[in-house]
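# Working through the structure, step by step
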Amino acid sequence: MPNSFIILFRSLLMFFITLLLVRLIGKKRSSRLNSFNFITFGVLGILAALISVGLIGNLVLGFIAFMVWGLLPIALDYLGLKSIWIHDLLYGKETILIKQGKIMEDGLNQVRLTGEELLRELRSKNIFNAGEVEFALMETTGEINVLPKADYQPVTPHDCGQKVAPQTDLQTVILDGKSLDENLTTIGLNRGWLNLQLERSEILLSNVFLGQVDSSGDLYLDLYDDTINLPQPKIKELLYANLLKIQADLTAFSLETQPQDAKDMYADYARKLKGILKKTEPFLLR
Amino acid sequence: MTVGSQVKQTIASLKNAQATLKIYSIQSQSEETRRVFNEALSTTGEIISGMEARLKVLEFEEPQYKSR
């Protein structure tokens, strides 16, 4: 057998075995490499290359080395699931760099990080003043994660005491001018509903590039023709305005009406409607 | 515009709002949203029936403005 065929055979073999092994090692490892993972992947890559070009002549010997480097990390991973001690041995522990707003010089020395490098890392997290940091640590992958002090954290609706409507994911129901029936049925709608919506906005299905339904059931459309300005759904805002107007009307009635019982009735309704407005505001305006 | 027709207009607006609330109470995905809209729906229903009763009184008082 000529040499070229041997190389071809070995390469194909190693290609698929490596592919299989990498799938087996899984997602967790490849997304965040710590230095040990990096070495295992490196060794695996080099071994695969050496075996396939025949620098390691004996296939069996090559495979032994390959399998040890490939399977042992997987086995250790499983052991690490069972025992924290093994896990720490494998992955090490994260190092605290800043605690209660103070930089831990011991921690910096331990991970051999200079002050300048720490500042650079903080800047990459958009923190230019080290005084804004409450807590920072270096993960076992070498990544630095930072918790800003409470008064430097971004404001959330929770901080403002604002209630917001729960939002589930958007469902894409039209793509490239075709309706996606599967996505429609997952939110309990069908083609009939879609056609009705399109008819209402006087648009052909084939003209729509993207159509999405949000959690309140409104349909957002993007057309191929960008010169057409489609009115975006403002039904909820209109409803809120309508309710506001009714409330104002009721208040006016209660002021204008003479009989006391009718006056009280209008005032009572105006108050009830105000309650509704308050309750529905997060759902209608946000 | 008489008081009667003003009240009628408000009832019409209320019914419009009620219909929209009904749509959202049906097509919303989350349980909580549906609950809030249903609550609003029952309150608007109550207001509508109360206003309609008041409208009858008004039409009795000013029969000349009664709509045919």
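What you are looking at is a predicted structure, and each value in this text was computed from that prediction instead of being measured.

Cut-offs applied
Residues numbered from 1 in each chain as written. Chains lettered and ligands numbered in written order. Predicted model: local features only at pLDDT ≥ 70, side-chain atom pairs only at ≥ 80, totals over all residues. Heavy atoms only, no water. Helix = DSSP H or I, 4+ residues; strand = E, 2+ residues; numbered from the N terminus. Buried < 20%, exposed > 50% of the residue type's maximum accessible area, 1.4 Å probe, protein only. Contact = heavy atoms within 4.5 Å. Areas by Shrake-Rupley, 256 points an atom, 1.4 Å probe, with all protein chains shown as cover. Pairing = 2+ DSSP bridges. Axes fitted to C-alpha atoms, helices over the stretch in contact; angles between N-to-C directions. Phe/Tyr/Trp six-rings, centres within 6.5 Å; stacked < 30°, edge-to-face > 60°. Expected span 1.5 Å × (residues − 1). Buried area = accessible area lost by both parts, 1.4 Å probe. Salt bridge = Lys/Arg side-chain N within 4 Å of Asp/Glu carboxyl O. Core = buried A, V, L, I, M, F, W, Y, C linked by side-chain atoms within 4.5 Å. Parallel < 35°, antiparallel > 145°, perpendicular 65-115°, else oblique. Left-handed = near helix turned anticlockwise from the far one by under 90°. Nonpolar A, V, L, I, M, F, W, Y, C, P; charged D, E, K, R; others polar.

## Let's talk about the overall build of chain A
- For chain A, the helix and strand inventory stands at eleven helices and eight strands.
- Evaluated residue by residue, chain A yields a buried proportion of 31% over its 286 residues.
- The long-range share in chain A, meaning contacts at least 24 apart out of those at least 6 apart in sequence, stands at 51%.
- Accessible surface, chain A as shown: approximately 18500 Å² in total, 61% of it carbon and sulfur.

## Focus on the sheet that holds strand S8 (residues 219-223) of chain A
Residue and element names in this part refer to chain A.
- Reading across from one edge, S6-S5-S7-S8 is the order of the four strands in this open sheet, with antiparallel pairing throughout. Of all strands in the sheet, those with a lone pairing partner are strand S6 (178-179) and S8, marking the two edges.
- When strand S5 (residues 171-175) meets S6, the two strands line up antiparallel, connected through two bridges. Note on S6: the bridge partner recorded for Leu-175 is Lys-178.
- Its contacts with the sheet put helix H9 (residues 191-200) on S5, S6, strand S7 (208-213) and S8, and the angle it makes with S8 is roughly 65 degrees.

## Re the packing of aromatic side chains
- Applying the stated criterion to the full structure yields five aromatic pairs over all chains.
- Among the aromatic residues, those joined into a ring-pair cluster are Phe283(A), Tyr24(B) and Phe37(B).

## So, helix H1 (residues 3-27) of chain B
- In this model, H1(B) (25 residues) spans 36 Å end to end at C-alpha, consistent with the 36 Å of a helix rising 1.5 Å per residue.
- For H1(B), the full list of buried residues reads Gly4(B), Val7(B), Thr10(B), Ile11(B), Ser13(B), Leu14(B), Ala17(B), Thr20(B), Leu21(B), Tyr24(B), Ser25(B) and Gln27(B).
- Buried residues along H1(B) sit in contact with H9, helix H10 (235-256) and helix H11 (260-285) of chain A together with helix H2 (31-61) of chain B.

## Quick look at the pairing of strand S3 (residues 133-138) of chain A
All names here are of chain A.
- When strand S1 (residues 95-99) meets S3, the two strands line up antiparallel, connected through four bridges. Within S3, the position partnered with Ile-96 by the bridge is Leu-137.
- The pairing of S3 with strand S4 (residues 144-148) spans five bridges and is classified as antiparallel. Following the sheet pairing, Met-138 is matched in S4 by Ile-144.
- From the end of S3 to the start of S4, which pair antiparallel, there are five residues, and Gly-142 there has a positive phi angle of about 95 degrees.

## Structural notes on the interface of chain B and chain A
- Facing 27 residues of chain B, the contacting portion of chain A comprises 33 residues.
- Summed over both partners, the interface of chain B with chain A comes to about 2700 Å²; 66% of that surface belongs to carbon and sulfur atoms.
- Sorting the residues of chain B by area buried against chain A places Tyr24(B), Gln29(B) and Arg54(B) first, and these three jointly supply 22% of that buried surface.
- Taken together, the connections running from chain B to chain A amount to two salt bridges.

## Looking at the pattern of salt bridges
All names here are of chain A.
- Scanning the entire structure with this criterion turns up 13 salt bridges over all chains.
- For Arg-271, the salt bridge identified is with Asp-268, shortest N-O distance 2.5 Å. Here Arg-271 pairs with Asp-268, and both are found in helix H11, just three residues apart, close to one helical turn.
- Residue classification places Arg-271 among the exposed residues on the basis of a relative accessible area of 55%.
- The salt bridge involving Lys-272 is made with Asp-268; its shortest N-O contact spans 3.5 Å. Note that Lys-272 and Asp-268 are positioned in helix H11 at a spacing of four residues, about one turn of the helix.
- Take Lys-272: its relative accessible area is 26%, and that puts it in the partly exposed class.
- Taking relative accessible area as the criterion, Asp-268 reaches 25% and is therefore assigned partly exposed.

## Observations regarding the nonpolar core
- Membership of the largest hydrophobic core comes to 30 residues, with the highest contact counts inside it found for Leu243(A), Leu250(A), Leu273(A), Val7(B), Ile47(B) and Met51(B).
- Among the secondary structure elements, those contributing two or more residues to this core are H10 and H11 of chain A together with H1 and H2 of chain B.
- The element contributing the most residues to this core is H2(B), with nine residues.
- Setting aside chain neighbours within four positions, we find Leu243(A) in contact with Leu273(A), Ile276(A), Leu277(A), Leu284(A) and Ala17(B).
- Counting residues in each nonpolar core, the second largest holds 15 residues, with Leu189(A), Trp193(A), Ile203(A) and Leu221(A) among its members.

## A short note on the sheet that holds strand S2 (residues 102-103) of chain A
- Ordered in space as S2-S1-S3-S4 (chain A), the four strands form an open sheet in which the pairing is antiparallel. Of all the strands in the sheet, just S2 and S4 of chain A have a single pairing partner and so form its edges.

## Here's the deal with the packing of helix H1 (residues 3-25) of chain A against helix H3 (residues 35-53) of chain A
Residue and element names in this part refer to chain A.
- H3 packs onto H1 with a crossing angle of 160 degrees between their chain directions and a minimal axis gap of 8 Å. By the angle class used here, H1 and H3 are roughly antiparallel. In this structure, the crossing between H1 and H3 has a hand that is right-handed. Residue-level contacts link Ile-7, Arg-10, Ser-11, Met-14, Thr-18, Leu-21 and Ile-25 of H1 to Phe-41, Leu-44, Ala-48, Ile-51, Ser-52 and Val-53 of H3.
- Classifying every residue of the contact of H1 with H3 gives nine nonpolar, three polar and one charged.

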